[in-house]
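Listed below, chain by chain, are the residues.
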Amino acid sequence: MAFSTIVSSPVCFHTQNQTHNFPLSNNKRRINKPLITQTKALPPLSTATDVSAITTTFDSTTLAVLGGGSIAALAAILSIADPEKRRQLQAEEVGGGDKEVVREYFNSTGFQRWKKIYGETDDVNKVQLDIRLGHSKTVENVMKILTEDRSLEGVTVCDAGCGTGCLSIPLAKQGAIVYSSDISAAMVSEAEKQAKEELLGGSSDGSSVVPVLPKFTVSDLESLDGKYDTVVCLDVLIHYPQSKADGMIAHLASLAEKRLILSFAPKTYYYDILKRIGELFPGPSKATRAYLHREEDIERALQKAGWKVNKKGFTNTQFYFANLIEAVPA
């Protein structure tokens, strides 16, 4: 998930010996106007003055977006808020922990919200449109990484946490053999529907590649198995605390033979304060807990699993921010 006020500068992907510049999004980390959100991507809370108007628009996965001068004052009241109790009540209602809350959310209100954001409908507000842009840039960056040195024809790819198929479908169009999964049955159903429309609809973009329909499965990350040339997991680690993310990264790495690509919301002191402030305004609908991750923690987890970072990137728009890492066997 990403954060910035400018969206026109290139994203830089760094390797040990060279830097790859992709003119897709802003890679400047300097913050002029603090605007932030996080998601699978997760919806944001803007700087509107009427908080009640905001909370009727966005759900409780929202992050507060506040001027730098306001953060210190608002941070002082964080201690009286109790988002943890609110999350416990949500978990009790669905009969489980974080995973059950995520499954319930993305099969109900979350599905409707993110179907719109990931789709092409005009029925989105300015913030949702910006998140759509940010997420699409992440997908574009991943496609550039995967296609810059070879064809994808016949390459097996596991799209772990596929959502509505935003990455699975472009991969299939390039000839990849795609195995797509998501914890949400509603998301998987929508992804399969869109894939059939785009890949089997008879339209042609002039390519000689004959796409193979991805194999879609309802599954959490822990239950994934098999071996794939590449495993991609975009904007899903936000649902895992670092203690569980370490094991999940190790599991995903065990499925990949050549490369593993991850995106995650970076954890910094500034972003963490903004997230906590956002938790003061949960909105009218249920949502999931959001976890930020330090880049060094993700790299450490990869190293423990026997992998090393090959490229790094950072995608950001006004309301979306995401670190992107490509790892290969060490």
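Caption draft 1: Quick peek at the overall build of the protein chain. Across its full length, the protein chain carries 11 helices and 9 strands. Taking all 330 residues of the protein chain together, the buried fraction comes to 54%. With the model as given, the accessible surface of the protein chain reaches about 14100 Å², and the carbon-plus-sulfur share is 50%.

Caption draft 2: Looking closely at the side chain of His293. Looking at the secondary structure, you find His293 in the loop between helix H10 (269-278) and helix H11 (295-304). A distance of 2.9 Å separates a polar atom in the side chain of His293 from the backbone oxygen of Tyr240. Those residues in contact with His293 that sit more than four places away from it in its chain are Leu237, Ile238, Tyr240, Pro241, Gln242, Ala245, Phe264, Ala265, Pro266, Lys267 and Ile298.

Caption draft 3: How the structure looks around the packing of helix H9 (residues 242-255) against H11. Across the interface, H9 lies against H11 with an axial gap of 9 Å and an inter-helix angle of 40°. With respect to each other, H9 and H11 are oriented oblique. Seen from above, H9 lies across H11 with right-handed handedness. Between H9, through Gln242, Asp246 and Ile249, and H11, the contact on the second element is made entirely by Asp297, Ile298, Ala301 and Leu302. For the contact of H9 with H11, the residue count by class is 4 nonpolar, 1 polar and 2 charged.

Caption draft 4: Focus on H9. With 14 residues, H9 should reach 20 Å at 1.5 Å per residue; the first-to-last C-alpha distance of 20 Å fits that figure. All buried positions along H9 are accounted for by Gln242, Ala245, Met248, Ile249, Leu252, Ala253 and Leu255. Around the axis of H9, the buried residues are gathered within 150° of arc, so they sit on the same side. With respect to the buried face of H9, the exposed residues turned more than 90 degrees away are Ser243 and Lys244. Where H9 is buried, its residues touch strand E3 (156-160), strand E6 (228-233), strand E7 (256-264), H11 and strand E8 (307-316).

Caption draft 5: Broad picture of the pattern of salt bridges. As enumerated under the stated definition, the model contains 14 salt bridges in all. Close ionic contact of Glu197 with Lys193 constitutes a salt bridge, the shortest N to O distance being 3.2 Å. You can see Glu197 and its partner Lys193 sitting in helix H8 (residues 185-199), 4 residues apart, about one turn around the helix. Among the ionic pairs, Arg259 bridges to Glu326, the shortest N-O distance being 3.0 Å. Of the two residues, Arg259 sits in strand E7 while Glu326 sits in strand E9 (residues 321-329), which places them 67 residues apart along the sequence.

Caption draft 6: Highlighting helix H5 (residues 109-118). When H5 is considered as a whole, its buried residues turn out to be Gly110, Phe111, Arg113, Trp114, Ile117 and Tyr118. Within H5, the buried residues cover an arc of 165° as seen down the axis, which keeps them to one side.

Caption draft 7: How the structure looks around the environment of Glu257. Summarising the element assignment, Glu257 is placed in strand E7. Note on Glu257: relative accessible area 45%, which makes it partly exposed. The spacing of Glu257 and Lys227 is 30 residues in sequence and 6.9 Å in space, taken between C-alpha atoms. Not counting residues up to four positions away in its chain, the partners in contact with Glu257 are Lys227, Tyr228, Asp229, Trp307 and Pro329.

Caption draft 8: Examining the nonpolar core more closely. Ranked by size, the top nonpolar core spans 27 residues in total, and within it Leu221, Val231, Leu252, Leu260, Leu262, Ile298 and Leu302 carry the most contacts. Counting residues per element, this core draws most heavily on H9, at 6 residues. Residue contacts for Ile298: discarding those within four places in its chain leaves Leu237, Gln242, Ile249, Leu262, Phe264, His293 and Ile325. Val142, Val157, Cys162 and Ala172 belong to the second-largest nonpolar core, a separate cluster that totals 24 residues.

Caption draft 9: Quick look at unusual backbone geometry. Phi is positive for Asp235, which is not a glycine, with a value near 60°. Its location among the elements puts Asp235 in the loop between E6 and H9.

Caption draft 10: Representation of the environment of Ser223 within the structure. Of note, Ser223 is situated in the loop between strand E5 (215-218) and E6. Distance in space between the C-alpha atoms of Ser223 and His251 is 9.5 Å, their sequence separation being 28 residues. For Ser223, the side chain forms a polar contact with the side chain of Asp220, separated by 2.7 Å.

Cut-offs and rules
- Residues numbered from 1 in each chain as written.
- Predicted model: local features only at pLDDT ≥ 70, side-chain atom pairs only at ≥ 80, totals over all residues.
- Heavy atoms only, no water.
- Helix = DSSP H or I, 4+ residues; strand = E, 2+ residues; numbered from the N terminus.
- Buried < 20%, exposed > 50% of the residue type's maximum accessible area, 1.4 Å probe, protein only.
- Areas by Shrake-Rupley, 256 points an atom, 1.4 Å probe, with all protein chains shown as cover.
- Polar contact = N/O pair within 3.5 Å; in protein donor to acceptor, adjacent residues only side chain to side chain.
- Contact = heavy atoms within 4.5 Å.
- Axes fitted to C-alpha atoms, helices over the stretch in contact; angles between N-to-C directions.
- Parallel < 35°, antiparallel > 145°, perpendicular 65-115°, else oblique.
- Left-handed = near helix turned anticlockwise from the far one by under 90°.
- Nonpolar A, V, L, I, M, F, W, Y, C, P; charged D, E, K, R; others polar.
- Expected span 1.5 Å × (residues − 1).
- Arc of directions from axis to C-beta.
- Salt bridge = Lys/Arg side-chain N within 4 Å of Asp/Glu carboxyl O.
- Core = buried A, V, L, I, M, F, W, Y, C linked by side-chain atoms within 4.5 Å.

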